[in-house]
Amino acid sequence: MKWILIISLSCLSTLSASSINKTIDELLNDQSDQELNIPNYDPFKRAKPLLKRKSSKNYVYKPRPAKLTAIFNQKAFINGKWYEKGDSISEGKLVNIQSERVYLKQGDKTKVLLLKHKNKLLQITQKGEK
């Protein structure tokens, strides 16, 4: 029974396939001759007025204020970088580095950056003290 179905389906498929008189190449050539009708649609039409607006504000780069985080071996950790005496940053030149502060000089002005101890990560105590 199965074989009869398979043979009959294969015969039907060959008969239906033989009804096509054109080759694949001819079919493809016929398709390329036709023009595609693509609608003129701009997906960014609504965004164009937003892009044309100009900002009235002129943004000026302002460096962030110098923040002293650590001092180690006569080097200061300011705004995420290590600096030595004589190095220049945006707020001036490092003139002096002490144990708790750093002196910056810009022109005639001298600025002092203090080391702030916000969090005590390690606290050493003697035995018996709390």
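Quick caveat: nothing in here was measured; it's all calculated off a predicted structure.

Focus: the overall build of the chain
Phase 1 of the analysis: When you go through the chain residue by residue, the secondary structure sums to three helices and seven strands.
Phase 2 of the analysis: The proportion of buried residues among the 130 residues of the chain is 11%.
Phase 3 of the analysis: Taking the intrachain contacts of the chain between residues at least 6 apart in sequence as the baseline, contacts between residues at least 24 apart amount to 21%.
Phase 4 of the analysis: Counting every atom, the chain has about 12,900 Å² of accessible surface; 56% of that belongs to carbon and sulfur.

Concerning the pattern of salt bridges
Phase 1 of the analysis: Inspection of every chain in the model, using the stated rule, returns two salt bridges.
Phase 2 of the analysis: Note that Glu84 and Lys75 form a salt bridge whose closest N and O atoms lie 3.6 Å from each other.
Phase 3 of the analysis: For Lys75, a relative accessible area of 32% corresponds to the partly exposed category.
Phase 4 of the analysis: Residue Lys111 pairs with Glu91 through a salt bridge whose shortest N-O separation is 2.3 Å. Here Lys111, found in strand S7 (residues 109-114), pairs with Glu91, found in the loop between strand S4 (88-89) and strand S5 (92-97); they are 20 residues apart in sequence, far enough to count as distant.
Phase 5 of the analysis: Taking the relative accessible area as the measure of exposure, Lys111 reaches 35% and is therefore partly exposed.
Phase 6 of the analysis: For Glu91, a relative accessible area of 16% gives the class buried.

Things to note about the nonpolar core
Phase 1 of the analysis: Judged by nonpolar contacts, Ala66, Leu68, Ala76, Ile78, Tyr83, Ile89, Leu94, Ile97, Val102, Leu104, Leu113 and Leu115 together constitute the single largest core of twelve residues.
Phase 2 of the analysis: Those elements that place two or more of their residues in this core are strand S2 (75-78), S5 and strand S6 (101-106).
Phase 3 of the analysis: Contact partners of Ile97, with chain neighbours within four places excluded, come to Ile71, Gln74, Lys75, Ala76, Tyr83, Glu84, Lys85 and Val102.

Some words on the environment of Thr110
Phase 1 of the analysis: Take Thr110: it is sitting in strand S7.
Phase 2 of the analysis: Between the C-alpha atoms of Thr110 and Lys93, which are 17 residues apart in sequence, the distance is 9.4 Å.

Things to note about the pairing of S7
Phase 1 of the analysis: Where S6 meets S7, six bridges bridge the pair, whose relative direction is antiparallel. Of the residues in S7, the one forming a bridge with Arg101 is Leu114.

What about the sheet that holds strand S1 (residues 68-72)?
Phase 1 of the analysis: Here we have three strands laid out as an open sheet, ordered S1-S2-S3, and antiparallel in their pairing. The open sheet has two free edges, formed respectively by S1 and strand S3 (81-84), since each of these has just one partner strand. In this sheet, adjacent strand axes meet at a mean angle of 25° when their direction is disregarded.
Phase 2 of the analysis: One ladder, built from four bridges, connects S1 with S2; its direction is antiparallel. Bridge pairing in S2 links Ile71 to Ala76.

Let's talk about the sheet that holds S6
Phase 1 of the analysis: Taken together, four strands build an open sheet; the order of strands is S4-S5-S6-S7 and the sheet is antiparallel. Edge positions in the open sheet fall to S4 and S7, since each of these has one partner strand only.
Phase 2 of the analysis: Alignment of S4 against S5, held across two bridges, turns out to be antiparallel. Residue Ser88 lies in a different strand from S5, and its bridge partner there is Lys93.

Cut-off values and rules
- Residues numbered from 1 in each chain as written.
- Predicted model: local features only at pLDDT ≥ 70, side-chain atom pairs only at ≥ 80, totals over all residues.
- Heavy atoms only, no water.
- Helix = DSSP H or I, 4+ residues; strand = E, 2+ residues; numbered from the N terminus.
- Buried < 20%, exposed > 50% of the residue type's maximum accessible area, 1.4 Å probe, protein only.
- Contact = heavy atoms within 4.5 Å.
- Areas by Shrake-Rupley, 256 points an atom, 1.4 Å probe, with all protein chains shown as cover.
- Salt bridge = Lys/Arg side-chain N within 4 Å of Asp/Glu carboxyl O.
- Core = buried A, V, L, I, M, F, W, Y, C linked by side-chain atoms within 4.5 Å.
- Pairing = 2+ DSSP bridges.
- Axes fitted to C-alpha atoms, helices over the stretch in contact; angles between N-to-C directions.

This is a description of form; function is not addressed.
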